[in-house]
Amino acid sequence: MAACVSRVELSVSCRSLLARDLGSRSDPLCVLLQDAGGGRWAELDRTEKIKNCQDPEFCKKLIVDYYFEKVQKLKFGVYDIDNESFDLNDDDYLGGIECTLGQVVSSSVFTKPLELKQGKPAGKGTITISAEEIKDTRVVHLEIEAQNLDKKDLFGTSDPFLEFYRQSDAGTWQLVYRSEVIKNNLNPCWRKFSVPLQTFCGGDFNKPIKVEYECIHPEKKQKKKNYKNSGIIRIKSCKIETEYSFLDYVMGGCQINFTVGVDFTASNGDPKSPDSLHYISPDGINEYLIAIWSVGSVVQDYDTDKLFPAFGFGAQVPPSWQVSHEFALNFNPSNPYCQGIQGIVDAYRQTLPQIRLYGPTNFSPIINHVARFAAHSLQQGAAAQYFILLIITDGEITDLDQTRQAIVNASKLPMSIIIVGVGEADFQAMEFLDGDSGVLKSVTGEPAARDIVQFVPFRQFKNAPQEALSQMVLAEVPKQLVSFYKWQGWPPLKLPEVKALQIQASPGYL
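Note that residues are indexed from 1 along each chain, following the sequence as it is written. Residue-level local features of this predicted model are given only where pLDDT is at least 70; pairs of side-chain atoms are given and counted only at 80 or more, and the full residue set underlies all totals for whole chains, interfaces and linings. Side-chain numbers come from the whole structure's heavy atoms, not from hydrogens or water.

(A) Local environment of the sheet that holds strand β10 (residues 163–167). Pairing within the open sheet is antiparallel, and its three strands lie in the order β11-β10-β13. If you trace the sheet from one side to the other, it starts and ends with β11 (173–178) and β13 (209–211), each paired once. The average angle at which neighbouring strand axes cross in this sheet is 30°, direction not considered. Bridging between β10 and β11 involves five bridges; their strand directions are antiparallel. From the neighbouring strand, F164 faces β11, where its bridge partner is Y177. Between any two strands, pairing holds if DSSP finds at least two bridges. The helix count covers DSSP runs of H or I at least four residues long, the strand count covers runs of E at least two residues long, and both are numbered beginning at the N terminus. For helices, the fitted line uses only the C-alpha atoms of the stretch in contact; every axis is such a line through C-alpha atoms, and the angle between N-to-C directions lies from 0 to 180 degrees.

Rendered as structure tokens:
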């Protein structure tokens with residue numbers, strides 16, 4: 001298993017952006033995409049949105065794995081965000097650029113004019129990107145409050161927020177964190193926040209940090225002899241911990257358990273007919289097999305025993321010919337494991353002529369099946385096992401309400417769900433389950449604890465290299481795994497060498 005050469009964080013700022021809104025300035029956000037092959041781009045990360053700003057300096061850093069031996073094509077897109085939707089298709093495009101990560105890394109400061117289309121300038125707007133290798137995985141957690149701040153608004157109190165800057169080697173100040181705004185409050189207490197230590201101070205505890213909030217008012221100090229300050233900023237707590245990566249967990253001994261669920265409903269068509277999605281062509285493939293090979297070939301490297309449970313759903317199964325939504329592909333319910341990805345493929349081929357495609361299309365039984373194993377693993381209280389369920393389906397889901405509840409329940413477990421849609425059906429329900437447009441909720445209104453579903457329509461990858469599909473469907477898994485173990489507070493089974501450190505700051509003036 002090859003590890004990435006290094007990780008880099010990209011700092012982004014823009015100047016003179018287009019104003020798309022009538023009567024107000026833009027609310028920009030920058031999204032980073034990477035070339036996934038076949039003319040497709042996969043989103044890697046995005047910055048925060050900054051309100052009413054034509055010259056944004058984004059404080060959220062964009063994280064990229066850097067491979068010296070690869071040409072990594074990147075696309076930066078800047079959008080004016082006017083709603084709360086995650087989807088950017090309904091937001092105004094302010095411009096973007098295409099470049100390679102090598103170009104950014106090799107430049108101390110990489111600045112280019114923004115383009116509306118390839119080669120078409122977006123006006124006078126520019127984007128500036130700087131890169132820094134991540135060598136320190138520690139994170140600083142801060143809780144800060146202020147007391148007796150100045151009243152700044154004419155008809156109200158103040159709407160305070162904090163900005164933290166680090167000093168570069170050249171002596172300039174670079175924004176590293178911007179807090180939320182607390183409305184009408186002269187004694188604000190900001191939410192606890194976290195910043196990577198390298199972002200915060202380059203990992204150097206002796207580097208100065210500038211906090212942008214004017215607590216000493218020069219004019220008042222000159223006019224009032226008894227003037228002391230315009231408020232106190234107090235650091236309630238400061239804690240420094242190691243932030244573990246996906247590789248830390250995997251290299252520390254976490255096993256990835258891969259399960260496949262195959263849709264055998266009648267809407268796929270008669271497997272004997274060339275029009276069927278289950279029809280195996282003369283060269284021995286169909287969309288189901290391509291999806292199994294594409295995703296499985298990547299995941300199998302993270303499972304030592306290479307034994308993968310595989311199930312079918314939506315078919316009448318011998319000998320009783322009852323409809324089953326959770327039958328073992330090898331017809332051995334007590335041991336549904338297949339040896340490697342080839343074993344799953346062999347079981348699929350042998351099962352196909354022995355069953356009758358039927359219906360309906362129910363996802364919840366197989367999700368709950370895998371969730372039971374994930375729940376058992378959870379009881380170990382350690383980052384030992386993580387479960388990935390790949391569901392390959394041709395169409396609309398029948399048990400949407402039950403599936404929503406199953407996903408909400410599974411979001412509390414060490415588990416991710418990948419759905420690959422084959423054929424030309426309307427996959428609106430799958431897009432809904434993906435949760436990219438907002439937090440998925442059960443019928444009763446219970447929100448998912450975290451986003452664990454990734455849906456991809458296969459048709460978008462028909463003419464793309466095989467690895468493009470796996471890159472897209474597996475892109476979110478590392479973040480999902482890390483977010484789960486971070487939520488639980490579990491370190492890798494085998495710890496990296498850097499140890500945690502805690503600092504308690506005493507109250508003081510700033």
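(B) Seen up close, the packing of aromatic side chains. Each pair of aromatic rings taken from Phe, Tyr and Trp, with Trp reduced to its six-membered ring, is defined by centres within 6.5 Å and is described as stacked if the planes are under 30 degrees apart, edge-to-face if over 60, and tilted in the remaining cases. The full count for this structure, using the stated rule, is 19 aromatic pairs. An angle of 45° between the planes, with centres 5.7 Å apart, marks the rings of F164 and F200 as tilted. Of the two residues, F164 is situated in strand β10 and F200 in helix α2 (residues 197–201); the sequence distance between them amounts to 36 residues. Across this residue pair, the class does not change: F164 and F200 are buried. Between F484 and W490, the ring centres sit 6.2 Å apart and the planes meet at 85°, which makes this aromatic pair edge-to-face. Each residue's exposure class comes from its accessible area (1.4 Å probe, protein chains only) as a fraction of the maximum for that residue type: buried when under 20%, exposed when over 50%, partly exposed otherwise.

(C) Seen up close, the confidence of the model for the protein chain. Confidence scores labelled pLDDT are given residue by residue by the predictor and lie between 0 and 100. The share of residues in the protein chain with pLDDT of 70 or more is 90%, and the mean pLDDT across the chain is 86. Taking the mean pLDDT of every element in the protein chain, the minimum, 36, falls on strand β25 (residues 501–503) and the maximum, 97, on helix α7 (residues 364–378). Contacts are assigned to residue pairs that have any heavy atoms within 4.5 Å of one another. Predicted confidence for residues 498–510 stays below pLDDT 50, and this span has 32 contacts to residues more than four positions away or in other chains.

(D) Here's a closer look at the environment of R20. Note on placement: R20 falls in the loop between β1 (6–15) and β2 (28–37). Owing to a relative accessible area of 39%, R20 belongs among the partly exposed residues under this scheme. Sequence-wise, R20 and V370 are 350 residues apart; in three dimensions their C-alpha atoms are separated by 48 Å. The contact partners of R20, leaving out residues within four places of it in the chain, are S26, D80, D92, Y93, L94 and L116.

(E) Highlighting the pattern of salt bridges. Each reported salt bridge corresponds to a side-chain nitrogen of Lys or Arg within 4 Å of a carboxyl oxygen of Asp or Glu. Inspection of the entire model under this criterion finds 13 salt bridges. R166 serves as the salt-bridge partner of E132, at 3.3 Å between the closest nitrogen and oxygen. Of the two residues, E132 is situated in strand β8 (residues 120–133) and R166 in strand β10; the sequence distance between them amounts to 34 residues. Between R234 and E145 there is a salt bridge, with its nearest N and O atoms 2.7 Å apart. Linking R234 in strand β14 (residues 232–242) with E145 in strand β9 (residues 138–147), this pair joins segments that are 89 residues apart in sequence. Assessed through its relative accessible area of 24%, R234 is described here as partly exposed. Owing to a relative accessible area of 14%, E145 belongs among the buried residues under this scheme. In this structure, a network of salt bridges that share partners links the residues E48, E163 and R178.

(F) Seen up close, unusual backbone geometry. Backbone torsion omega between P318 and P319 reads 5°, so that peptide bond is classified as cis. The residue after G359, namely P360, is reached through a cis peptide bond having omega 0°. Positionally, P360 belongs in the loop between β21 (356–357) and α7. Phi is positive for S16, close to 55°, though the residue is something other than glycine. Among the secondary structure elements, S16 is positioned in the loop between β1 and β2.

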